[in-house]
Amino acid sequence: MKRIVEIVPARPGWYARWRLAREDTRCYPVSLWALLEAADGTGREVIGVDCAGQWPGDGGTDAEFVRYLFKTPDSGPPEDAEPMPEVRRARPVVPTP
């Protein structure tokens, strides 16, 4: 069992790449980085949690973690990036006189 020691938000440009099938990969933006420590305190590791809630070692997905990658935000997302859902903004409420 591991425990979370610290969590920090990920900067834009970090992606986690997952293999869905032999020639099929998908990248998801990393939302946060977590510092994990072994229960006995002997080792630590940093993992990224992507926007879909996946992380290496999760076991909750059929995909295989490949690697993290960084692309400068101005260079656009990786070719295999999963499209992000459109964020809809609520219309402002205008008070009636």
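First, a word on what this report is: a plain description of the structure on this page.

Cut-offs used in this document
Residues numbered from 1 in each chain as written. Predicted model: local features only at pLDDT ≥ 70, side-chain atom pairs only at ≥ 80, totals over all residues. Heavy atoms only, no water. Core = buried A, V, L, I, M, F, W, Y, C linked by side-chain atoms within 4.5 Å. Buried < 20%, exposed > 50% of the residue type's maximum accessible area, 1.4 Å probe, protein only. Helix = DSSP H or I, 4+ residues; strand = E, 2+ residues; numbered from the N terminus. Contact = heavy atoms within 4.5 Å. Phe/Tyr/Trp six-rings, centres within 6.5 Å; stacked < 30°, edge-to-face > 60°. Polar contact = N/O pair within 3.5 Å; in protein donor to acceptor, adjacent residues only side chain to side chain.

Digging into the nonpolar core
Line of reasoning, step 1. Ranked by size, the top nonpolar core spans seven residues in total: A10, A16, W18, Y28, V30, W33 and A63.
Line of reasoning, step 2. Secondary-structure elements contributing two or more residues to this core are β2 (14-21) and β3 (24-38).
Line of reasoning, step 3. Residue contributions to this core peak at three residues, all from β3.
Line of reasoning, step 4. Those residues in contact with A16, other than ones at most four positions away along the chain, are R26, C27, Y28, V30, D50, F65, R67 and Y68.

Some thoughts on the packing of aromatic side chains
Here a ring pair, both rings aromatic, is described through the centre-centre distance and the interplanar angle of the planes.
Line of reasoning, step 1. Summed over the entire model, instances satisfying the criterion amount to five aromatic pairs.
Line of reasoning, step 2. Taken together through their ring pairs, the aromatic side chains of W14, W18, W33, F65, Y68 and F70 make up a single cluster.

Brief notes about the environment of T72
Line of reasoning, step 1. Within the secondary structure, T72 is located in the segment after β5 (64-70).
Line of reasoning, step 2. On the basis of relative accessible area, T72 is assigned to the partly exposed category, the value being 38%.
Line of reasoning, step 3. Spatially, the C-alpha atoms of T72 and P12 are 7.9 Å apart, while their sequence positions differ by 60 residues.
Line of reasoning, step 4. At 2.8 Å, the side chain of T72 forms a polar contact with the side chain of D74.

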